[in-house]
Amino acid sequence: MDEKPPDICTAYLAPDGFLPELVQELGCGVHTLGRLALCPGPPRPVAWAQNVWLNPRCIPFSSISEAVRLLKALGPRWTLYDEHLKRRGRARLIQERVPGPALKPLVFGAPPPNAALGSWTLLDETTLLASPACSSPFAHGRPVFSEDKTGPPNRAYLKLWELFTVLQARPGPGQVCLDLGASPGGWTWVLARLGARVISVDKAPLAPGVARLPGVEQRLGSAFGLRPGEAGPVDWLFCDVICYPERLLALARRWLDAGAAANMVCTVKFQGRTDLEIVRAFQAIAGSRLLHLHHNKHELTWFWSASP
Ligand SMILES: C[S@@+](CC[C@H](N)C(=O)[O-])C[C@H]1O[C@@H](n2cnc3c(N)ncnc32)[C@H](O)[C@@H]1O
């Protein structure tokens with residue numbers, strides 16, 4: 001890692017615990033401030049970033065009120081990243097005096113906030129690093145949902161809520177969804193509640209309350225035994241099976257080659273070392289995106305769509 005921050009850069013915020021993955025993905029020339037990685041050059045589509053500061057700039061200031069004035073002139077709302085600061089008092093005094101992010105939890109289905117949210121930090125006591133534009137509309141790329149504590153059988157539903165909110169796309173009523181590795185049924189629960197027809201495949205059963213939802217058909221068996229197209233063409237293929245990433249890549253390619261799904265969402269789960277080659281292989285699939293959702297653990301979400 002370099003000693004000094006690069007002059008012109010993009011800043012990438014790693015998900016908690018995944019800075020090594022982000023640094024590996026970015027390659028050389030990275031300077032880190034906590035889990036914020038500063039890099040020369042324009043923004044790149046990296047997977048292991050929770051939020052990307054698209055146009056950060058270094059701005060000298062001499063007083064707290066001047067810093068507040070400079071931030072307000074640069075953008076309407078700001079969020080402070082201060083995890084790396086040894087003394088946070090000065091930064092927090094500045095943040096208290098600028099408009100911050102929306103604090104109300106998001107109700108699933110509502111669009112993400114559309115007012116720009118900038119991110120900033122202190123490089124030292126008299127220098128701001130501030131980016132008025134960021135890739136995520138949420139503070140530090142972390143959407144906070146108004147959760148459902150009674151309906152779904154686990155918290156996996158939050159991954160789909162987050163993905164559909166970020167993409168602003170989701171299965172519509174009557175669309176056919178194949179949910180591979182569906183048990184106990186958090187994803188099936190989300191899809192059924194959207195009015196989709198869900199074929200849920202797993203070796204283990206769905207939670208009874210999910211299996212009974214209208215539109216849900218449960219099939220006990222292996223996700224890998226099902227040939228693409230066997231269940232008819234599907235609008236959305238979901239796969240959350242715990243398996244080696246290579247096996248998942250082969251499954252995704254089989255479905256792509258067969259043209260049997262219009263959209264695909266797969267969780268790429270890593271065990272031990274994160275394999276950058278597999279990350280690159282998923283990223284190289286045309287029309288797809290690989291991202292780390294806030295609700296992902298040591299895994300990435302791959303999304304592909306036949307429509308541009
Ligand atoms: C992380 S859990 C899925 C959670 C689910 N998406 C939800 O929202 O509740 C992974 C699932 O993959 C299933 N699984 C593992 N190997 C499988 C296989 N070969 N075929 C089908 N399901 C499999 C497991 O039984 C387990 O239920």
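Please refer to the structure higher up on the page.
Thresholds, definitions, all that
- All residue numbers refer to positions counted from 1 along the written sequence of the respective chain.
- Predicted model: local features are reported for residues with pLDDT of at least 70 only, side-chain atom pairs are reported and counted for 80 or more only, and whole-chain, interface and lining totals are derived from all residues.
- Computation of side-chain values covers all heavy atoms of the structure but excludes hydrogens and water.
- Residue proximity to a molecule or strand is established when one non-hydrogen atom of the residue lies within 4 Å of it.
- Here a polar contact is recorded for every N or O atom pair within 3.5 Å, except that within protein the pair must consist of a potential hydrogen donor and a potential acceptor, and residues adjacent in sequence are included only if both atoms are side-chain atoms.
- For every accessible area listed, the method is Shrake-Rupley and the probe measures 1.4 Å; residues are considered covered only by the protein chains on display.
- Note that Gly is not counted as nonpolar here; it falls among the polar residues with everything else outside the nonpolar set of Ala, Val, Leu, Ile, Met, Phe, Trp, Tyr, Cys and Pro and the charged set of Asp, Glu, Lys and Arg.
- Every axis corresponds to a line fitted to the C-alpha atoms, with the helix fit spanning only the stretch in contact, and the corresponding angles, defined between N-to-C directions, vary from 0 to 180 degrees.
- Counting from the N terminus, the helices are DSSP H or I runs at least four residues long and the strands are E runs at least two residues long.
- Relative orientations are named as follows: roughly parallel for angles under 35 degrees, roughly antiparallel for angles over 145 degrees, roughly perpendicular for angles from 65 to 115 degrees, and oblique for any other angle.
- Take the far helix as the reference: if the near one is turned anticlockwise from it by less than a right angle, the crossing is left-handed, and if turned clockwise, right-handed.
- Should any heavy atoms of two residues lie within 4.5 Å, those residues are counted as being in contact.
- Given the number of residues in a helix, its expected span is that number minus one, multiplied by 1.5 Å.
- Throughout this description, buried means an accessible area under 20% of the type-specific maximum (1.4 Å probe, protein chains only), exposed means over 50%, and partly exposed covers the range between.
- Note that the arc is computed from the directions linking the helix axis to the C-beta atoms.

Notes on the site of the ligand
Alright, step 1. Taken together, 19 residues are adjacent to the ligand, and Asn154, Trp187, Asp202, Ala223 and Asp240 come closest.
Alright, step 2. Contacts to the ligand include tryptophan 187, whose backbone N or O atom sits 2.9 Å from an oxygen atom.
Alright, step 3. Between the ligand and the protein, one listed contact pairs a nitrogen atom with a backbone N or O atom of alanine 223 at 2.8 Å.
Alright, step 4. Bound to the protein, the ligand loses 84% of the 610 Å² it would expose on its own.
Alright, step 5. A class-by-class count of the residues in the shell around the ligand yields eight nonpolar, seven polar and four charged.

Re the packing of helix 7 (residues 245–258) against helix 8 (residues 276–283)
Helices that pack against each other are described as a pair by the angle of their axes relative to one another and the distance between those axes.
Alright, step 1. Closest axis-to-axis distance for the helix 7/helix 8 pair is 10 Å, and the angle between their directions is 15 degrees. Our classification of the angle between helix 7 and helix 8 gives roughly parallel. For the element pair helix 7 and helix 8, the recorded crossing hand is left-handed. On the side of helix 7, the interface is formed by Pro245, Glu246, Leu248, Leu249, Ala252 and Arg253, while helix 8 contributes Ile278, Ala281 and Phe282.
Alright, step 2. Partitioning the contact of helix 7 with helix 8 into residue classes produces seven nonpolar, no polar and two charged.

A look at helix 7
Alright, step 1. Here helix 7 is 14 residues long and its end C-alpha atoms lie 20 Å apart, about the 20 Å a rise of 1.5 Å per residue gives.
Alright, step 2. Of all the residues in helix 7, the buried ones are Pro245, Leu248, Leu249, Leu251, Ala252 and Trp255. In a view along the axis of helix 7, the buried residues occupy a sector of 160 degrees, so they form one face of it.
Alright, step 3. In this structure, the buried side of helix 7 is in contact with strand 9 (176–180), strand 12 (234–239), strand 13 (261–269), helix 8 and strand 15 (299–305).
Alright, step 4. Positive backbone phi, at 60 degrees, marks glycine 259, one or two positions downstream of helix 7.

Purely geometric stuff here, so don't read any function into it on its own.
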